[in-house]
Structures are given as structure tokens and as C-alpha cells.
Amino acid sequence: MKPVLLETQTQAISIRLVKMPVQEFVTNSSEETVAKGRELAQQLRAPVLVLLSGDLGSGKTTLTKGIISGLGAAKEEDVTSPTFNLVHEFHNHSKVYHVDLYRVETFPDLESLGLEDALSEKAIVIIEWPERFTLRTDWPTVEIRLNHAGGDSRRISISGLIVEIELK
Ligand code: ADP
Ligand code: MG
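The rules behind these values
Residues numbered from 1 in each chain as written. Chains lettered and ligands numbered in written order. Predicted model: local features only at pLDDT ≥ 70, side-chain atom pairs only at ≥ 80, totals over all residues. Heavy atoms only, no water. Near = heavy atom within 4 Å. Polar contact = N/O pair within 3.5 Å; in protein donor to acceptor, adjacent residues only side chain to side chain. Areas by Shrake-Rupley, 256 points an atom, 1.4 Å probe, with all protein chains shown as cover. Helix = DSSP H or I, 4+ residues; strand = E, 2+ residues; numbered from the N terminus. Nonpolar A, V, L, I, M, F, W, Y, C, P; charged D, E, K, R; others polar. Phe/Tyr/Trp six-rings, centres within 6.5 Å; stacked < 30°, edge-to-face > 60°. Buried < 20%, exposed > 50% of the residue type's maximum accessible area, 1.4 Å probe, protein only. Donors = N, O, S within 2.8 Å, 3.2 Å for Na, K, Ca; no water. Core = buried A, V, L, I, M, F, W, Y, C linked by side-chain atoms within 4.5 Å. Patch = residues over 30% accessible without salt bridge, like charges linked within 9 Å, V, L, I, M, F, W, Y side chains within 5 Å. Salt bridge = Lys/Arg side-chain N within 4 Å of Asp/Glu carboxyl O.

Caption draft 1: Summary view of the site of ligand 1. The local shell around ligand 1 holds 16 residues, among which Thr 33, Gly 57, Lys 60, Thr 62 and Asp 152 are the closest. In this structure, an oxygen atom belonging to ligand 1 sits 2.7 Å away from a side-chain N or O atom of Lys 60. Contact distances for ligand 1 include 2.5 Å between an oxygen atom and a side-chain N or O atom of Thr 62. Contact with the protein chains hides 74% of the accessible area of ligand 1, taken as 570 Å² for the molecule alone. Mapped onto the shell around ligand 1, the elements with two or more residues apiece are helix H1 (30–41) and helix H2 (60–70). Looking at the shell around ligand 1 element by element, the count peaks at three residues for H2. Each residue belonging to the shell around ligand 1 can be placed in one class, and the counts come to one nonpolar, 10 polar and five charged.

Here is the structure:
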């Protein structure tokens with residue numbers, strides 16, 4: 001049989017990384033904040049550090065419920081405040097850590113959390129109260145600030161998000 005040359009069309013897809021401008025929005029219920037977290041989850045790629053700042057009750061854990069459930073790493077109701085056991089670990093396609101530094105007083109306490117291990121693998125690490133320590137990492141870092149804006153309203157600002165854009 002004669003060899004037949006099949007013509008193939010290859011589609012080159014290149015991915016470009018784009019740093020998003022600071023995004024600010026207001027949510028008016030915890031459900032809306034969870035929904036925002038789910039949206040955000042679609043834009044996160046490990047390794048990434050997500051720092052959540054804001055007063056008590058501003059919605060850091062609520063937003064985390066959305067992020068972790070949106071990543072498919074756990075059900076929303078299984079994401080609770082890690083205030084007492086400090087680090088929660090979830091598994092999906094990548095490891096997801098949820099850490100609360102609120103009650104972490106000293107550097108040895110911080111070391112005992114095993115954050116360094118978390119940061120040595122390709123993970124998604126979500127940290128509440130990051131301002132309690134200076135965290136040094138060369139990981140891409142998304143900074144999220146939540147503020148009370150009266151009643152059930154919360155102002156949320158997100159900076160440092162890097163998203164992948166597919167160019168065909
Ligand atoms: P934090 O982790 O910042 O201390 P939580 O997420 O644990 O805060 O608690 C936020 C509280 O505020 C919850 O009781 C939640 O139901 C309530 N809440 C009311 N409105 C909102 C909102 N728009 N976004 C997030 N939480 C809200
Ligand atoms: Mg919390």
C-alpha cells in the first residue's frame with residue numbers, strides 16, 4: 001500500500017499569565033460571600049498563598065468556605081474556623097491548607113504548625129490573620145481584605161491575583 005500523507009491541523013494554544021488589577025466589591029449576605037469565594041477558586045492555581053485580612057466576623061472563614069468548596073476539596077459545611085486546631089488540610093487535585101494565625105502567639109507556635117512543609121509542596125495555602133507574622137515566600141500571593149460595611153454588607157478587595165488567559 002502506498003503511504004498516504006494525512007494533513008493534520010495542529011492548534012497552538014499558548015497560555016499567558018496576567019496580573020489582575022485590584023478588584024473591589026460588596027456582598028450583602030454570607031451566601032454572596034461564599035459565592036464570591038467559589039468564583040475566586042476558579043482563578044487559583046497552586047502554588048498560591050491567599051492572605052485574608054479583616055476584623056473578627058468580617059467574613060474570612062465564610063469566604064474560605066466558598067474557595068475550598070469551589071476547588072472541590074471539601075463541602076462548604078466541612079470548612080470551619082481552624083481557630084482551635086489551627087491548620088486544616090484538604091485534598092483534591094492539589095493540597096489545600098486553611099490556617100488561622102489569630103491565636104498563634106509565638107514563633108515556636110508558628111513553626112509547630114508545619115506551614116513550612118505546606119509551603120514546600122505545590123499547594124493552595126489560605127491564611128487568616130496573616131499580619132500576625134511576617135511571612136516570607138516567593139510564592140504568588142493573593143491579598144484579600146474584608147471590611148464590615150454596615151449590617152450584613154462586607155467590602156472585599158482582592159489584589160495580586162494572577163490569571164491564565166488562553167491565546168489561540
Ligand atoms: P471571620 O473569619 O472573618 O472572623 P466569619 O466568616 O467566621 O468571619 O464570620 C462572618 C459572620 O458574619 C458569619 O456569622 C456570617 O454569617 C456573617 N455575615 C453576615 N453578612 C456577611 C457577608 N456579607 N459576608 C460574610 N459573612 C457575613
Ligand atoms: Mg475566621
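So, next bit.
Caption draft 2: How the structure looks around the packing of aromatic side chains. Scanning all chains against the criterion turns up one aromatic pair. With 4.8 Å between their ring centres and 35° between their planes, Tyr 102 and Trp 129 make a pair best called tilted. In this pair, Tyr 102 sits in the loop between strand E5 (95–100) and helix H3 (107–112) while Trp 129 sits in the loop between strand E6 (123–128) and strand E7 (141–148), placing the two residues 27 residues apart along the sequence. Of the residues examined, Tyr 102 reaches a relative accessible area of 31% and is grouped as partly exposed. Relative accessible area serves as the criterion here: at 15%, Trp 129 is assigned to the buried category.

Caption draft 3: Representation of the coordination of the magnesium ion (ligand 2) in the model. Around the magnesium ion (ligand 2), the protein supplies Thr 61 (OG1) and Glu 128 (OE) as donor atoms, at distances of 2.2 Å. With Thr 61 in helix H2 and Glu 128 in strand E6, this pair connects stretches of sequence that are 67 residues apart. By relative accessible area, Thr 61 is classed as buried at 18%. Overall, Glu 128 belongs to the buried group, its relative accessible area being 2%.

Caption draft 4: Structural view of the nonpolar core. Ile 67 and Ile 144 are the most contacted members of the largest nonpolar core, which totals 26 residues. Breaking this core down by element, the ones donating at least two residues are H1, strand E3 (48–53), H2, E6, E7 and strand E8 (154–159). Core analysis: the second largest hydrophobic core is formed by 16 residues, Leu 49, Tyr 97, Val 104 and Ala 118 among them.

Caption draft 5: Inspection of a nonpolar patch on the surface at higher detail. Judged by side-chain polarity, Ile 13, Ile 15, Leu 17 and Ile 162 come together as a nonpolar surface patch covering roughly 370 Å² of accessible area. According to the relative accessible area criterion, Leu 17 is exposed, its value standing at 61%.

Caption draft 6: Geometry of the pattern of salt bridges. Counting across every chain of the model gives five salt bridges. Residue Arg 45 is joined to Glu 164 by a salt bridge in which the shortest nitrogen-to-oxygen separation is 3.5 Å. Highlighted residues: Arg 45 in the loop between H1 and E3 and Glu 164 in strand E9 (residues 162–167), separated in sequence by 119 residues. With a relative accessible area of 45%, Arg 45 lands in the partly exposed category.

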